[in-house]
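Residue strings, one per chain:
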Amino acid sequence: MPDASALARRIGEVALIDQHVHGCWLQPPDRHRFENALNEANTELTDSGFDSQLGFAVRAHCAPIIGLAKHVDPHLYWERRSEFSESELAEMFLRAAGVSDWLVDTGIGSDVADVAKLSALSANRAYEVVRLEQVAEQAAQAPGDYASAFGEILHSRAAAAVATKSILAYRGGFDGDLSEPSAAQVCDAAGRWRDRGGTRLDDRILLRFGLHEALRLGKPLQLHVGFGDRDCDLHKTNPLYLLDLLRQSNDTPIVLLHCYPYEREAGYLAQAFNNVYLDGGLSVNYLGARGPAFIARLLEMAPFRKIVYSSDGFGPAELHFLGAQLWRNGIHRVLRGFVDNDDWSEADALRVVDLVAHENSARIYRLGDRWV
């Protein structure tokens, strides 16, 4: 029978702040592109994306949103999905997620909803997260001194944004020197990069420069950690490599994204540094039915005021919805066990739900009276 407890009701109804997400598709994909989007690491998928934890989760949780039975055959799901436009699907899935605020990394995808469009489709608030590597590419194409152009672009874009984000994990990893480079080093590196065309930043000096500019800005800095596309050297994305950078980060909030398979290391860092936070977005979606075990590990070491929710949805609007649905299912299973074993009171469980769902993000990103 359904759980009618106060905890189940709170988890089912609580409004979420999705503190790291991307745009959803606006144009319909073919089936191959859709199934490829159900695999994060392989961008050249030749097998069925439905035959995965995420694929099974789509059939279990997304099928009812478009009027199908749970666990429907993949072909029937695709056929039914194809009856709707992407905008119609986005409205259904985004609004079913129960998200009040979307914090949108706009640094990827030219054919996806921007901040304003995501807000309109979801009928809720959305704010920009500025990707530092995109700022660098814009500065490389600007005239004059690179460092000055970077600073001007960053401050201009960040004025209306809530955070910055770096994909250093994809551009060389965390191991190695992350100290602030000298002005001369930045000038020389920028000249070399501009001579090569100034696209796809992978110069370590300029990556380091961008991180320290973001730290000085003072707005929360999000860092991709762990699991990602296959051009990410996973062994170099252990967040423990960030120790020296974290020691230089002062009070600027650092939010470690995704974290799998380094969620325990990230939890330790959240305990060790006042300004470090973590989320499990992306990972929960791809773990599907195994998501509760991952959520339980997030709750092991990190203080509960340091854990935030995100979906990291990108592309199919199903992923924006699934992040929320799987998080609700997973945290309910974990906390219900704590309460039933008398390790936690239900009142404490209710408080932790609110912290992770929205209170921590509202505080970190200073949403203030913008959040209700």
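Residues numbered from 1 in each chain as written. Predicted model: local features only at pLDDT ≥ 70, side-chain atom pairs only at ≥ 80, totals over all residues. Heavy atoms only, no water.

A. View of the packing of aromatic side chains. Summed over the entire model, instances satisfying the criterion amount to 15 aromatic pairs. Aromatic pair F93 and F321: ring centres 5.8 Å apart, planes at 45°, arrangement tilted. With F93 in helix α5 (residues 86-96) and F321 in helix α15 (residues 317-340), the pair connects residues that are 228 residues apart, well separated along the chain. Across the pair, F321 and F93 agree in class, each one buried. Each member of the aromatic cluster is reached from another via a ring pair, and the members are F34, F50, Y77 and W78. Here R59 stacks its cationic end above the ring of F56, 5.1 Å away from the centre of that ring. Taking the ring centre of Y277 as reference, the NZ or CZ of K306 above it sits at 5.3 Å. (Phe/Tyr/Trp six-rings, centres within 6.5 Å; stacked < 30°, edge-to-face > 60°. Helix = DSSP H or I, 4+ residues; strand = E, 2+ residues; numbered from the N terminus. Buried < 20%, exposed > 50% of the residue type's maximum accessible area, 1.4 Å probe, protein only. Lys NZ or Arg CZ within 6 Å of the ring centre and 35° of its normal.)

B. How the structure looks around the packing of helix α12 (residues 263-272) against helix α14 (residues 291-301). The contact between α12 and α14 brings their axes to 7 Å, and the two run at 30°. Our classification of the angle between α12 and α14 gives roughly parallel. As for the relative orientation of α12 and α14, their crossing is right-handed in sense. Counted together, E263, R264, G267, Y268 and Q271 of α12 and F294, R297, L298, E300 and M301 of α14 form the full contact between these two elements. Here the residues of the contact of α12 with α14 sort into four nonpolar, two polar and four charged. (Axes fitted to C-alpha atoms, helices over the stretch in contact; angles between N-to-C directions. Parallel < 35°, antiparallel > 145°, perpendicular 65-115°, else oblique. Left-handed = near helix turned anticlockwise from the far one by under 90°. Contact = heavy atoms within 4.5 Å. Nonpolar A, V, L, I, M, F, W, Y, C, P; charged D, E, K, R; others polar.)

C. Summary view of the pattern of salt bridges. Scanning the model with the defined rule gives 19 salt bridges in all. A salt bridge links E180 to R216, with the nearest nitrogen and oxygen atoms 2.7 Å apart. Of the two residues, E180 sits in the loop between β4 (163-166) and α9 (183-195) while R216 sits in helix α10 (residues 204-217), which places them 36 residues apart along the sequence. By relative accessible area, E180 is classed as partly exposed at 38%. When salt bridges that share partners are traced, they join R81, E86 and E318 into one network. (Salt bridge = Lys/Arg side-chain N within 4 Å of Asp/Glu carboxyl O.)

D. Quick look at helix α4 (residues 74-81). Among all positions of α4, only P74, Y77, W78 and R81 are buried. Down the axis of α4, the smallest arc covering the buried residues is 95°, so these residues share one side. Those residues of α4 that are buried are in contact with α2 (31-36), α3 (53-62), α5 and α15. The N-cap of α4, judged by a side-chain oxygen 2.8 Å from the amide nitrogen of H75 a few residues on, is D73. (Arc of directions from axis to C-beta. Polar contact = N/O pair within 3.5 Å; in protein donor to acceptor, adjacent residues only side chain to side chain.)

E. Focus on the state of the cysteines. Within this structure, the stated rule accounts for zero disulfides. Free of any disulfide, C24 has its nearest neighbouring cysteine sulfur in C62, separated by 13 Å. Considering cysteine sulfurs only, C232 is the nearest to C259, which forms no disulfide, with 12 Å between them. With relative accessibility at 0%, the residue C259 sits in the buried group. (Disulfide = S-S within 2.5 Å.)

F. View of the side chain of D105. Within the secondary structure layout, D105 lies in strand β2 (residues 99-105). A relative accessible area of 1% places D105 in the buried class.

G. Quick look at the nonpolar core. Counting 111 residues, the largest nonpolar core has Y77, Y146, L256 and W327 as the members making the most contacts within it. With eleven residues, the single largest contributor to this core is α15. Setting aside residues up to four positions removed in sequence, W327 forms contacts with V14, L16, V284, I295, Y309, L322, V353, V356 and A357. By size, the runner-up hydrophobic cluster in this structure holds 14 residues, among which are A163, L257, V308 and Y365. (Core = buried A, V, L, I, M, F, W, Y, C linked by side-chain atoms within 4.5 Å.)

H. The pairing of β4, seen in detail. By the alternation rule, side chains of β4 split into A163 and K165 and T164 and S166, which are all buried. As paired strands, strand β3 (residues 125-131) and β4 are joined by three bridges and run parallel to one another. Looking across to β4, one finds that V130 is bridged to T164. The pairing of β4 with strand β5 (residues 221-225) spans three bridges and is classified as parallel. What sits directly across from T164, in β5, is L221. (Pairing = 2+ DSSP bridges.)

I. Representation of the sheet that holds β3 in the model. A sheet is described by the order of its strands in space; here eight strands give the open sequence β1-β2-β3-β4-β5-β6-β7-β8, paired in parallel fashion. In this open sheet, the two strands that pair with only one neighbour each are β1 (16-21) and β8 (307-308).

J. Seen up close, the environment of Y365. Take Y365: it is sitting in the segment after α16 (346-364). For Y365 and G291, which are 74 residues apart along the polypeptide, the C-alpha to C-alpha distance reads 26 Å. Here Q19 takes part through its side chain, which lies 2.3 Å from a polar atom of the side chain of Y365.

K. Main features of the environment of A270. As for its placement among the helices and strands, A270 is situated in helix α12. Put simply, A270 and R305 are 35 residues apart on the chain and 9.6 Å apart in space, counted from C-alpha to C-alpha. Apart from the residues within four sequence positions on either side, A270 is in contact with V276, L278, A302, P303 and K306.

L. Representation of the environment of Q19 within the structure. Examined against the element boundaries, Q19 turns out to sit in strand β1. Residue classification places Q19 among the buried positions, given a relative accessible area of 0%. Between the C-alpha atom of Q19 and that of Q222, which follows or precedes it by 203 residues, the distance is 9.7 Å.

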